[in-house]
Every structure is written in C-alpha cells, then in structure tokens.
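Structural description and commentary
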There are 2 protein chains.
Amino acid sequence: MLACKRLRTQFITFTPLLFVSTTIYDIAERADVSTATVSRVFNDESGVSEDTRQHVLDAAAALNYRPHASAQNLARQHTNQIAVVAPVVANYFYMHVMRGIQHALADRDMDLMVHAPANPQDRIHEQPDPKSLNTYMARALQPGRNDGILLLSMPLTDEWADRLAETSRAVVLVDGEHPRFESFAVDSREGGYKATQHLIDRGYERIGHITVEYDPPPARYRREGYEQALRDDNRAVQDKLIAASDERPFAFSEKGGYRAMTTLLGRKPRPDAVFAASDMQAMGAMQAAHENDLRVPEDLAIVGFDDLELSRCAGLTTLRQPARTMGTRATRTLLRRIEAAGAPPVSSTVFSPELVVRRTCGERPESEAASPGFVLRDQ
Amino acid sequence: MLACKRLRTQFITFTPLLFVSTTIYDIAERADVSTATVSRVFNDESGVSEDTRQHVLDAAAALNYRPHASAQNLARQHTNQIAVVAPVVANYFYMHVMRGIQHALADRDMDLMVHAPANPQDRIHEQPDPKSLNTYMARALQPGRNDGILLLSMPLTDEWADRLAETSRAVVLVDGEHPRFESFAVDSREGGYKATQHLIDRGYERIGHITVEYDPPPARYRREGYEQALRDDNRAVQDKLIAASDERPFAFSEKGGYRAMTTLLGRKPRPDAVFAASDMQAMGAMQAAHENDLRVPEDLAIVGFDDLELSRCAGLTTLRQPARTMGTRATRTLLRRIEAAGAPPVSSTVFSPELVVRRTCGERPESEAASPGFVLRDQ
DNA sequence: CTGAAAGCGCTAACAA
DNA sequence: TTGTTAGCGCTTTCAG
C-alpha cells in the first residue's frame with residue numbers, strides 16, 4: 001500500500017521540474033508507523049506515546065515535512081481561512097479596518113484572503129450579478145475557500161443575502177447592515193446630521209453636499225442626515241447644492257470629490273460650505289477649491305467623513321469612524337460564529353460618529369492650532 | 001459507486017448543522033453522465049458534445065453547483081492563489097504596493113492571501129526563525145497554500161532563501177533584493193544621498209538622520225547614502241546626529257519617528273535638518289518638532305522617503321518610490337514564473353528615487369505654494 | 001465523445 | 001496506543 005505512494009518519488013526523478021514535497025506517507029515509512037499516527041502527532045497531540053511521537057517528529061524534521069494545506073482543508077472540511085471582500089483593497093478607510101482585522105487574527109492560526117473586483121472598470125459598489133460565477137464575490141462564496149466572510153461596505157440585495165445564507169457560512173458585515181447578518185457600522189445618518197448641524201451653527205448659508213451617484217447605503221444615510229438637519233433648521237434642500245460622484249471604481253475617492261466639487265462650483269449660487277460623504281472626497285473638494293482660487297475655509301468650508309490619519313494632517317473637520325475597532329470586533333464575532341456550530345442571535349452594533357473639529361470648517365481648534373498635528377496611535 | 005456518495009445527503013438530514021454543498025457526483029447523477037464529463041465541462045471546455053454539455057450545465061444550475069476549491073486545489077496540485085507576506089498589512093506604503101498587485105491580478109482568476117505577523121510584539125523586520133513552523137512566513141511556505149509568493153520588505157537570510165528555494169515556488173521580492181530571486185526595489189542608497197545632498201545644498205549645517213535600529217536593508221542603504229553625501233561634502237558623520245527607531249511592530253512608523261526625533265532634540269547640538277528613512281517617520285518627527293516649539297522648516301527642515309499621498313498634503317519633501325508600479329511589475333513577473341515551468345534568468349530591477357521638493361525642507365516649491373495640493377491619480 | 005478508476009495528501013472512525 | 005480503511009471532491013490518464 002505504501003508502495004504505491006512511493007511511486008511519486010520515482011516520478012520526481014524523471015521530471016525534476018515538477019516539485020513534489022514530502023508527504024505523510026514518507027514520514028510514516030521512515031518512522032515506521034502508520035499515516036494515522038503521523039497525522040495524530042501533527043494534530044491531536046494526544047493518544048500517542050511519547051516514544052513514537054518523538055520518532056515521528058524526528059522523521060518529519062529529517063525530511064523537512066510540512067503538511068499540505070489543500071489536503072488538510074479538503075479532509076477537515078474547513079480551511080482556517082477567512083475572507084474579506086471589499087470594493088477596493090487598497091484604500092485608506094479599509095486599511096484602518098484591516099488593521100483591526102489583523103489585530104483580531106493575532107495568534108488565531110487563521111489566514112486572510114482578500115477579494116476585490118478584478119476589473120477597475122466595474123461599478124463595484126453595485127452588487128455584482130448573483131448569477132455570474134466568476135466575480136470576486138462569487139469566488140469568496142465558493143465552497144472550500146474559506147470558513148467565514150467579512151463584507152466591507154458591501155451593499156446586500158436580498159438575492160445576495162440568500163446566496164450567502166445558502167452557503168451557511170459565517171458572515172459579518174462592516175460598514176453595512178442587513179437583518180440577517182451581524183454587522184458593525186457607524187450611524188451615517190447621525191453623522192450627516194451632525195456635520196450639517198455644525199456648519200449651520202457656524203453660520204454658513206449655502207451648505208452643499210457631495211454624495212455618491214449609485215447611492216450606496218452609507219452615502220444615502222449621510223445625505224439623509226444632511227437633508228434632515230437642513231429641514232430642522234427650516235431650510236430647503238436644494239438640488240443644485242448637491243453633486244454626486246460617479247467616479248470608478250470608487251466614488252468615495254479623492255477624484256470623485258474633485259469632480260463633484262468642480263460641478264458644484266460651476267453652479268449659481270455657489271455653496272459657501274460643503275459636507276462630503278468621505279474624507280477623500282473632501283480632499284478632492286479642497287483641491288478643486290484651490291484650483292478655483294477659493295480659500296478654505298474663508299471662501300469655502302469643508303467637512304468630511306471618516307477621520308483618516310491623513311485628515312488630521314490636512315486639518316480637515318470630519319466625523320470619526322472607529323474603523324479599526326470595527327474591524328477587530330467584526331472579526332472576533334466572525335471567529336465566534338465559525339467556532340460555534342449553532343446560530344446565536346444576530347445583533348447589529350452601531351457606533352456614533354464623533355465630530356472632530358479642525359480648521360477646514362472655519363474654526364480654530366484650540367489643540368491643533370499649529371497644524372499639522374498627529375495622533376500617535378499604535379500601528 | 002455513486003451510491004456511496006449519496007450517503008452524504010442522508011447525512012445532512014441527520015445533522016442539519018453540518019452544511020454539505022452539492023458535488024460533482026450529484027450533478028453527474030442528475031445529468032446522467034460520469035463525473036469525468038462534469039469535470040470536463042467545467043474545465044477543458046473541449047471534448048464534450050454540445051448536447052451533454054448543456055445537460056450538465058442545466059443540472060449544475062438546478063443544483064446550484066460550485067466546484068469545491070480545496071478539492072480542486074488538491075487534485076490540480078496548484079491553488080490559483082498568490083501570497084503576499086509583509087511586516088505589516090495595513091500600512092501606507094504597502095497599501096500603494098497592494099494597489100499595483102491588485103491591478104496586475106485583474107482578470108487573472110487568481111486570489112490573494114496576505115500573511116503578516118500575528119503578534120504585534122514581534123520584531124517583524126527581523127527574520128523569524130526558519131525552524132519554527134507557525135510563523136506567518138512559514139505558513140506562506142506551507143505546501144498547497146499558494147502558487148507563488150510576493151515578499152514585501154522582507155529581509156532574507158541565506159537560510160530563509162534556502163527554504164524558499166527548496167519549495168521551488170515562484171518568489172518575487174518587492175523593496176528587497178537577493179541574488180536568487182527576482183526583485184523590484186528603489187535604490188535606497190541613492191535616495192539617501194539625494195536627500196542629504198539636497199539638505200546640504202540648501203545650506204543646513206547639522207543634518208541629522210532617523211533610521212531603524214535593527215537595520216533592515218532599505219534603512220541601512222538610506223543611511224549609507226546619507227553618510228556618503230556627508231563625506232563627499234567633507235563633513236564628519238556624527239553619531240549624535242543619528243537616532244534609530246526601535247518601535248514595534250514597525251519601526252518605520254510615525255511613532256518611531258516621533259521617538260527618534262525626541263531623542264535627537266534632547267541632544268546637543270540639535271540638528272537643524274533631518275532626513276528620515278520613511279515618510280511616516282518624518283510625520284512623527286514633525287510632530288515632535290511642534291511639541292518642542294520648533295517650526296518646520298524654519299527651525300528644523302525635514303525630508304522623508306516614500307512620497308505617500310499623505311506626504312503631499314503635509315507638504316513633505318521626500319524621495320518618491322514608485323510603489324504601485326513596483327507592485328504591478330512584481331506581480332506580473334511572479335505570474336510569469338508560475339506559468340513558465342522552467343526557470344528564466346533572475347533579474348533585479350532597481351528604480352531611481354525621485355526627489356520631490358515641498359516645503360518642509362525650507363523651499364517654496366512653485367507649483368505647490370498653496371498647500372495642501374493633491375495629485376489626482378486613479379484609485 | 002464518454003466512462004472507469006486511480007490518485008492528490010490528509011483526517012477520522014472503527015477495530016484491534 | 002496504534003493501524004486499517006474509507007472517505008473529502010475533484011482531476012486525469014487510459015480504455016473504449
């Protein structure tokens with residue numbers, strides 16, 4: 001029986017290009033035990049005499065043995081991998097979230113896969129077609145790929161939610177919400193309200209807004225908060241003060257904000273303040289203002305949303321999202337669901353975004369007069 | 001034979017908690033063909049009559065079939081996954097590199113794993129012990145985990161290089177170099193030289209340097225460039241003008257720069273200019289300067305290394321690394337090596353870092369007088 | 001064009 | 001404590 005396994009060793013002699021690593025059979029043979037025993041010393045730890053265990057370990061060391069991940073995954077029926085799927089991998093906000101994820105993964109013997117749209121042309125914030133099989137989303141859902149999925153800012157149609165539930169895999173949402181899944185997000189509506197309220201308090205007259213065209217939930221709620229604040233102050237919501245970014249692949253980007261701001265500045269009357277749906281958009285808006293010889297905040301006040309590190313050095317007034325914390329908590333929850341066979345009740349935790357006042361809203365914050373200043377957080 | 005596979009369906013009835021997805025056997029049965037045929041329609045595309053192919057596809061659709069990734073990986077002996085291993089996942093520089101990686105992966109049907117040290121206490125820039133089996137590095141090397149590895153800023157001892165070569169897997173280095181592997185990096189020594197030279201040209205007298213304690217190659221070369229520039233100007237290299245960050249997990253960080261700068265400012269004579277080994281360190285240094293009531297650049301000039309987006313808005317003079325390009329090119333090379341069975345000659349490509357002058361070095365760059373300004377790159 | 005069957009490397013009952 | 005053996009789900013010769 002072992003003989004048939006030995007063939008592989010022959011094989012490698014004939015085609016040296018194809019590398020074959022040493023297997024459990026090789027070390028079973030060398031340690032003169034069964035493969036089951038070898039497997040045991042590499043897993044259970046228990047039920048193996050100290051003597052044979054040492055033999056096995058020696059053989060493994062001598063042959064430089066490492067278990068084959070795919071084989072383990074197949075046999076165990078789980079992968080010890082979790083996936084994060086997001087509209088863009090490399091983005092400031094997600095970077096902060098990833099820090100939290102990594103933190104929660106520490107010492108957990110779990111690996112991390114990242115899935116993001118391959119084609120930058122896609123309107124990634126829109127849900128890919130659930131039918132299509134090769135989207136980044138579909139890949140993450142493929143059986144045998146991971147034990148659980150972290151969805152970052154992914155809007156969920158019911159169709160997709162069904163698909164996710166069908167796979168009966170652990171799923172946790174970050175910066176998103178759905179009744180069927182655990183979620184961690186900031187109250188975007190509250191944030192939009194606070195931002196706008198602040199601008200109102202500061203005496204601005206024509207408060208504009210930069211949003212996202214395809215209207216993903218976070219952007220939608222921020223806009224709703226903006227509109228509510230206006231109404232609560234007995235102001236009308238004016239379409240001409242609102243511009244939407246349709247930048248691809250990521251409308252929350254700098255470039256999107258730049259374009260939207262440019263649009264806004266081309267209309268009459270010009271806004272004298274703007275609340276942007278993201279910090280990066282706010283950055284782009286500042287750039288646009290500069291190009292139009294408008295000073296920030298004298299001619300145009302700006303408030304963003306996120307509170308990236310970058311925003312601090314730019315002196316941007318913004319609404320803080322606890323990105324890292326969200327990542328950590330979401331991951332912990334995911335891990336718990338993966339481990340717990342049953343299905344504990346779903347809860348959604350919502351954070352309250354905190355207004356961080358800096359200079360782009362026309363205020364001179366006491367502590368940060370001499371910008372740039374930095375918070376020293378741990379990596 | 002198919003009968004034994006059917007058991008699984010029974011099984012699921014008894015233990016509904018364990019989810020079992022539909023397999024190739026299920027659809028073979030339904031379409032009344034062999035599993036080989038099913039496999040063929042999902043792979044080859046060829047050698048199957050249009051008729052049966054349609055049957056199979058119908059059955060697959062009806063049963064909502066998706067191939068099991070682990071099983072494919074095991075049978076095919078490759079995973080269609082590449083891994084990136086880096087000292088920190090979520091870091092500005094790596095984020096830019098990741099953009100490039102993602103870009104190169106577009107439409108390639110490849111997935112991305114990220115491996116980074118689990119324990120933030122580790123001195124991650126030092127090589128983990130090649131003997132230990134459960135480090136992030138070892139995990140990336142496990143057989144059956146990936147088809148190729150991208151090493152970001154990972155210093156390579158010969159021992160590790162051996163281990164890597166042993167697995168005969170495709171390996172490409174980014175921001176690092178080793179004779180045995182393909183690599184993409186910036187000439188750090190040249191960068192250090194240029195930075196220092198610039199400061200000399202601007203008339204600074206006591207030019208300090210912030211480096212990294214455990215002396216990873218990029219930091220080492222930057223320091224060497226710094227020292228060389230000093231010597232070429234007939235100046236002595238003074239230890240008291242150099243401070244090393246030993247911040248963990250990542251000494252190139254803001255916090256590391258902050259601490260090193262604080263140390264430097266505690267010594268006499270104080271430097272009147274500082275070249276930091278990274279932009280984030282430079283940011284920390286600026287913070288330290290502010291806390292000591294020193295104005296930048298009047299009292300202290302600062303030059304960084306990287307040219308992150310953030311640096312632009314901070315007005316930081318720095319040396320630009322083409323991070324995104326490095327990511328893209330490295331990934332393309334990796335993919336090529338994975339596909340090509342043979343071993344094409346190893347080449348190492350070195351980019352020349354470009355000096356980007358902004359205001360922290362006391363210069364008033366023409367184009368960016370009204371900072372913050374931003375480049376509008378695509379996401 | 002299609003099917004039978006032997007793996008891929010490991011795990012986990014079940015028996016001994 | 002250890003070995004036998006039947007899978008995990010898919011791929012891939014090799015016949016037919």
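Residues numbered from 1 in each chain as written. Chains lettered and ligands numbered in written order. Predicted model: local features only at pLDDT ≥ 70, side-chain atom pairs only at ≥ 80, totals over all residues. Heavy atoms only, no water.

This part is about the overall build of chain A. The number of helices and strands found in chain A is 14 helices and twelve strands. Counting all 379 residues of chain A, 56% fall into the buried class. For chain A, long-range pairs separated by at least 24 residues make up 71% of all intrachain contacts whose partners lie at least 6 apart in sequence. When the accessible surface of chain A is split by element, carbon and sulfur atoms take 49% of a total near 15,700 Å². (Helix = DSSP H or I, 4+ residues; strand = E, 2+ residues; numbered from the N terminus. Buried < 20%, exposed > 50% of the residue type's maximum accessible area, 1.4 Å probe, protein only. Contact = heavy atoms within 4.5 Å. Areas by Shrake-Rupley, 256 points an atom, 1.4 Å probe, with all protein chains shown as cover.)

Residue and element names in this part refer to chain A. Of the two faces of strand 8 (residues 273–276), the one holding Ala273 and Phe275 and the one holding Val274 and Ala276 are both buried throughout. Pairing of strand 6 (residues 207–212) with strand 8 involves four bridges; the strand directions are parallel. Bridged to glycine 208 within strand 8 is valine 274. In terms of strand pairing, strand 8 meets strand 9 (residues 301–303) through three bridges, oriented parallel. Bridge pairing links phenylalanine 275 to valine 303 in strand 9. In this fold, the crossover linking strand 8 to strand 9 by way of helix 12 (residues 279–291) has right-handed handedness. (Pairing = 2+ DSSP bridges. Right-handed = clockwise from strand over helix to strand, strands pointing away.)

Residues and elements named next belong to chain A. Every buried residue belonging to helix 3 (residues 35–42) is among Thr37, Val38 and Val41, and all of these are buried. Buried residues in helix 3, looked at end-on, bunch into an arc of 100 degrees, giving them a common side. As for helix 3, its buried residues are in contact with helix 2 (24–31) and helix 4 (50–63). (Arc of directions from axis to C-beta.)

For the rest of this paragraph, the subject is the UniProt feature "domain: HTH lacI-type" (unreviewed entry) in chain A. Feature annotation in UniProt places "domain: HTH lacI-type" (unreviewed entry) on residues 22–76 of chain A, given in this structure's numbering. Within the segment residues 22–76 of chain A, helix and strand shares are 69% and 0% respectively, and the terminal C-alpha atoms sit 20 Å apart. (UniProt positions renumbered as here; feature names shortened; annotations may be inferred.)

Bringing the protein's contact with DNA strand D into the picture now. Surrounding DNA strand D, one finds 29 residues, the nearest of these being Arg40(A), Thr52(A), Ile24(B), Ser39(B) and Tyr65(B). Looking at DNA strand D alone, sugar and phosphate atoms form 58% of those within 4 Å of the protein. Side-chain polar atom of Asn43(B) to a phosphate oxygen of DNA strand D: 3.1 Å apart, as the coordinates give it. Take Gln72(B): an N or O atom from its side chain is 3.2 Å from a phosphate oxygen of DNA strand D. For the surface near DNA strand D, the secondary-structure elements that each account for two or more residues are helix 3 and helix 5 (69–76) of chain A together with helix 1 (2–14), helix 2 (24–31), helix 3 (35–42) and helix 5 (69–76) of chain B. Here the surface near DNA strand D takes four residues from helix 5 of chain B, the largest share from any one element. (Near = heavy atom within 4 Å. Polar contact = N/O pair within 3.5 Å; in protein donor to acceptor, adjacent residues only side chain to side chain.)

Let us now look at the environment of Ala28(B). Residue and element names in this part refer to chain B. Looking at where alanine 28 falls in the secondary structure, it is placed in helix 2. Residue classification places alanine 28 among the buried positions, given a relative accessible area of 0%. Not counting residues within four places of it along the chain, the set of residues in contact with alanine 28 comprises Val33, Ser34, Thr35 and Val38.

Residues in close proximity to DNA strand C total 28 residues, the closest being Ile24(A), Ser39(A), Tyr65(A), Arg40(B) and Thr52(B). Of all atoms in DNA strand C that approach within 4 Å of the protein, 64% are sugar or phosphate atoms. For DNA strand C, a phosphate oxygen lies 3.1 Å from a polar atom in the side chain of Gln72(A). Ser34(B) has a polar backbone atom sitting 2.9 Å from a phosphate oxygen of DNA strand C. Elements that contribute at least two residues to the surface near DNA strand C include exactly helix 1 (2–14), helix 2, helix 3 and helix 5 of chain A together with helix 3 and helix 5 of chain B. Take the surface near DNA strand C: its biggest share by element is four residues, from helix 5 of chain A. In terms of residue class, the surface near DNA strand C is made up of twelve nonpolar, eleven polar and five charged. (Nonpolar A, V, L, I, M, F, W, Y, C, P; charged D, E, K, R; others polar.)

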